[in-house]
Amino acid sequence: MTRTVMCRKYKEELEGLANPPYPGAKGQLVFDTISKKAWTEWTNHQTMLINEKHLSMMDPSTREYLQQEMQKFMDGEDYEKAEGYVPPSK
């Protein structure tokens, strides 16, 4: 049976993650409140930010920036997008 969570981003009951995405309290919070769908969308967006902005994950300020952007993304706030990105048309 699939585990469901009340997704913070979509405000509805959706399939949850199989495991916390990283250790500690923050990972557990994501596990408890973020759906698999929202987490997948975030990881794709995060990858785009890292690539387009040439961010180094070795830099602690980059990791802090991405944490802040993740919070905005999940809370439905205005989050940063990669400059010049145009989503593919369907």
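Just above sits the structure.
Below, the structure is looked at part by part. For clarity, every value in this text was computed on a predicted model and none was experimentally measured.

### With respect to the pattern of salt bridges
Inference 1: Following the criterion strictly, the structure yields five salt bridges and no others.
Inference 2: Salt-bridge contacts for Asp75 lead to Arg8; the nearest nitrogen and oxygen are separated by 2.7 Å. Of this pair, Asp75 sits in the segment after helix H3 (60-74) while Arg8 sits in the loop between strand S1 (4-6) and strand S2 (13-15), placing them 67 residues apart in sequence.
Inference 3: A residue is classified by how much of its surface remains accessible, and Asp75, at 33% relative accessible area, is partly exposed.
Inference 4: A salt bridge links Glu69 to Lys72; the shortest N-O distance between them is 3.1 Å. Of this pair, Glu69 and Lys72 both sit in helix H3, separated by three residues, roughly a single helical turn.

### Brief notes about the packing of helix H2 (residues 36-52) against H3
Inference 1: Put simply, H2 and H3 touch, their axes get as near as 11 Å, and they point 140 degrees apart. The orientation of H2 with respect to H3, classified from their angle, is oblique. Note that H2 runs across H3; the crossing there is right-handed. Taking contact as the criterion, the partners of Ala38, Trp39, Glu41, Trp42, Gln46, Leu49 and Ile50 in H2 are, on H3, Tyr65, Leu66, Glu69, Met70, Phe73 and Met74.
Inference 2: In the contact of H2 with H3, the residues fall into 10 nonpolar, one polar and two charged.

### Observations concerning the packing of aromatic side chains
Inference 1: For the structure on display, the rule yields three aromatic pairs.
Inference 2: With centroids separated by 5.5 Å and ring planes inclined at 50 degrees, the aromatic side chains of Trp42 and Phe73 adopt a geometry described as tilted. Note that Trp42 is positioned in helix H2 and Phe73 in helix H3, a separation of 31 residues in sequence.
Inference 3: In this structure Phe73 comes out as buried when scored by relative accessible area, which is 4%.
Inference 4: Arranged with centres 4.9 Å apart and planes meeting at 70 degrees, the rings of Phe73 and Tyr79 form a pair that is edge-to-face.
Inference 5: Seen from the ring of Tyr10, Lys9 lies directly overhead, with NZ or CZ sitting 5.7 Å from the centre.

### Some details on the nonpolar core
Inference 1: If you look at the biggest cluster of nonpolar residues, it comprises 16 residues, and the most contacted ones within it are Val30, Ile34, Trp39, Trp42, Met70 and Met74.
Inference 2: Within the residue set of this core, elements represented by two or more residues are helix H1 (24-33), H2 and H3.
Inference 3: Not counting the four nearest positions on each side in its chain, Trp39 is found in contact with Leu17, Pro21, Tyr22, Val30, Ile34, Met70 and Met74.

Calculation criteria
Residues numbered from 1 in each chain as written. Predicted model: local features only at pLDDT ≥ 70, side-chain atom pairs only at ≥ 80, totals over all residues. Heavy atoms only, no water. Salt bridge = Lys/Arg side-chain N within 4 Å of Asp/Glu carboxyl O. Helix = DSSP H or I, 4+ residues; strand = E, 2+ residues; numbered from the N terminus. Buried < 20%, exposed > 50% of the residue type's maximum accessible area, 1.4 Å probe, protein only. Axes fitted to C-alpha atoms, helices over the stretch in contact; angles between N-to-C directions. Parallel < 35°, antiparallel > 145°, perpendicular 65-115°, else oblique. Left-handed = near helix turned anticlockwise from the far one by under 90°. Contact = heavy atoms within 4.5 Å. Nonpolar A, V, L, I, M, F, W, Y, C, P; charged D, E, K, R; others polar. Phe/Tyr/Trp six-rings, centres within 6.5 Å; stacked < 30°, edge-to-face > 60°. Lys NZ or Arg CZ within 6 Å of the ring centre and 35° of its normal. Core = buried A, V, L, I, M, F, W, Y, C linked by side-chain atoms within 4.5 Å.

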